[in-house]
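# Understanding the architecture of this molecule
So the chains spell out like this:
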Amino acid sequence: MPIVKAAIKHLRKSEKRRTVNRNAKDRLKAAMKEMMKLAQAKKLDEFTKRMPEVMALVDKAAKNNLIHPNNADRKKSKLARILAAK
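Residues numbered from 1 in each chain as written. Predicted model: local features only at pLDDT ≥ 70, side-chain atom pairs only at ≥ 80, totals over all residues. Heavy atoms only, no water.

## As for the overall build of the chain
Counting secondary structure elements, the chain contains 3 helices and 0 strands. Sequence-ordered secondary structure for the chain, helices as α and strands as β, is α-α-α. In summary, the chain has a C-alpha radius of gyration of 17 Å against a globular reference of 12 Å for 86 residues, an excess of more than 25%. Considering only C-alpha atoms, the chain reaches an extent of 60 × 20 × 15 Å along its principal axes. Here the chain, with 86 residues, has 23% of them falling under the buried criterion. Across the chain, every contact between residues at least 6 apart in sequence was considered, and the portion connecting residues at least 24 apart equals 56%. (Helix = DSSP H or I, 4+ residues; strand = E, 2+ residues; numbered from the N terminus. Rg over C-alpha atoms; globule rule 2.2 N^0.38 Å. Buried < 20%, exposed > 50% of the residue type's maximum accessible area, 1.4 Å probe, protein only. Contact = heavy atoms within 4.5 Å.)

Structure below.
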């Protein structure tokens, strides 16, 4: 445990940030999994309806440095390839 006041405050801040970041990452992962399930089930209309929401989640995660920008581009490209193939 930190002893210095500033270190205690930093620990509190980092714990809060960790929970926020973890929730955002979990939301992103769940959305990607759901999109893959929709693709497997060949529910193309629902896939296209959810596509902008998931793209926005990916962009926001990259903007907030939760994932690398290249990782975000790769995820978006994967979804676009699935849509183009169907």
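## Describing helix α3 (residues 69-85)
Residues spaced three or four apart along an α-helix face the same direction, because each turn holds 3.6 residues. Taking 1.5 Å of rise per residue, the 17 residues of α3 would be expected to cover 24 Å, and the 24 Å separating its terminal C-alpha atoms lies within 8% of that figure. Residues of α3 that are buried include every one of A72, L79 and I82, and no others. Axial view of α3: buried residues confined to an arc of 95°, hence all on one face. Away from its buried face, by an angle of more than 90 degrees, α3 presents the exposed residues R74, R81, A84 and A85. Packing partners of the buried residues in α3 comprise α1 (5-40) and α2 (44-63). (Expected span 1.5 Å × (residues − 1). Arc of directions from axis to C-beta.)

## A look at the environment of N64
With respect to the helices and strands, the residue N64 is situated in the loop between α2 and α3. On the accessibility criterion, N64 (46% relative accessible area) is partly exposed. N64 sits 23 residues away from A41 along the chain, and the two C-alpha atoms are 32 Å apart.

## Notes on the packing of α2 against α3
Remark: α2 packs on α3, axes separated minimally by 10 Å, with the N-to-C direction vectors making an angle of 170°. Judged on the interaxial angle alone, α3 and α2 are roughly antiparallel. For the pair α2 and α3, contact is made by L44, F47, T48, M51, V54, M55, V58, D59 and A62 and by P69, A72, K75, K76, L79, A80, I82 and L83, respectively. A breakdown of the residues in the contact of α2 with α3 according to their chemical character gives 13 nonpolar, 1 polar and 3 charged. (Axes fitted to C-alpha atoms, helices over the stretch in contact; angles between N-to-C directions. Parallel < 35°, antiparallel > 145°, perpendicular 65-115°, else oblique. Nonpolar A, V, L, I, M, F, W, Y, C, P; charged D, E, K, R; others polar.)

## Re a positive patch on the surface
A contiguous patch of positive charge on the surface is contributed by K9, R12, K13, K16 and R17. Mapped onto the elements of the fold, R12 is located in helix α1. (Patch = residues over 30% accessible without salt bridge, like charges linked within 9 Å, V, L, I, M, F, W, Y side chains within 5 Å. Areas by Shrake-Rupley, 256 points an atom, 1.4 Å probe, with all protein chains shown as cover. Salt bridge = Lys/Arg side-chain N within 4 Å of Asp/Glu carboxyl O. Lys, Arg positive; Asp, Glu negative; His and termini not counted. Charge placed at Lys NZ, Arg CZ, Asp CG, Glu CD.)

None of the figures reported here should be taken as evidence of function without further support.
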